[in-house]
Amino acid sequence: MCIACFFAWRNRDPESGAITAVENANGRVHFKYQGPAIAPYPDDAAVPGDSIYISQLLVKRFGATEPPIRTLTEFLVGSNPERRVVAVELSLAELKPKLLATLKSLPDLDTIVVEMPTQTIARTSKEMRTLDNIQALLSVNIQMTFDRGLTSQRSPP
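These notes cover the structure that comes with them. (Residues numbered from 1 in each chain as written. Predicted model: local features only at pLDDT ≥ 70, side-chain atom pairs only at ≥ 80, totals over all residues. Heavy atoms only, no water.)

1. With respect to unusual backbone geometry
The phi torsion at Asn 26 lies on the positive side, around 60°, for a residue other than glycine. Here Asn 26 is to be found in the loop between helix 2 (16-24) and strand 1 (28-31). The phi dihedral of Ser 139 falls on the positive side, at around 50°, and the residue is not glycine. Relative to the elements of secondary structure, Ser 139 occurs in the loop between helix 5 (126-138) and strand 8 (141-146). (Helix = DSSP H or I, 4+ residues; strand = E, 2+ residues; numbered from the N terminus.)

2. Observations concerning the environment of Gly 49
Assignment of secondary structure puts Gly 49 in the loop between strand 2 (36-40) and strand 3 (51-53). Once the C-alpha coordinates of Gly 49 and Arg 123 are considered, the two residues, 74 residues apart in sequence, prove to be 9.0 Å apart.

3. So, helix 2
Taken residue by residue, helix 2 has Ala 18, Ile 19 and Val 22 as its buried positions. All buried residues of helix 2 lie within an arc of 100° about the axis, which places them on one face of the element. Once helix 2 ends, the next one or two residues include Asn 26, with phi positive near 60°. (Buried < 20%, exposed > 50% of the residue type's maximum accessible area, 1.4 Å probe, protein only. Arc of directions from axis to C-beta.)

4. A word on the pattern of salt bridges
Inspection of the entire model under this criterion finds two salt bridges. With a shortest N-O distance of 3.2 Å, Glu 89 and Arg 28 are connected by a salt bridge. Highlighted residues: Glu 89 in strand 5 (residues 85-91) and Arg 28 in strand 1, separated in sequence by 61 residues. Taking the shortest distance from any N to any O, the salt bridge between Asp 108 and Arg 84 comes out at 3.5 Å. Of this pair, Asp 108 sits in the loop between helix 4 (97-104) and strand 6 (111-116) while Arg 84 sits in the loop between helix 3 (72-77) and strand 5, and the two are 24 residues apart along the sequence. (Salt bridge = Lys/Arg side-chain N within 4 Å of Asp/Glu carboxyl O.)

5. Remarks on the environment of Pro 97
Secondary-structure assignment places Pro 97 in helix 4. Here Pro 97 falls in the exposed class, since its relative accessible area comes to 68%. Each C-alpha atom of the pair Pro 97 and Ile 134 lies 9.6 Å from the other, and the pair is 37 residues apart in sequence.

Shown next as structure tokens:
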């Protein structure tokens, strides 16, 4: 009985709660084995000097689509680092304090792709201050995009 409890505890996925929270916020998670790559669409928009133009980003998975098969060693000693969340895609409106606390629990989180509400934003806006606070809290790379729903489905020109 004790051995069964040990293996159940050892093989629980500590990131599953965070993954569920991101998916419930209409976001996407990217694991290390998927190797997410992020590239901007080329754009020549002119904006005032005190603003930032937010282009669309192509977020592509170039690794396996299925998680790696669990090995006996992984079963005995715990989770595989390849199964860790390294990036998430979320809209700015969904990045609320409760979700941020959950994201903080992801040890390998490196990048957050944030869908912004507008395509041009003032450098001193509330939204930019929010992103600065998120970056300071989570110590992650933040990529801004406009219209994230299209970026995951389109291919570059």
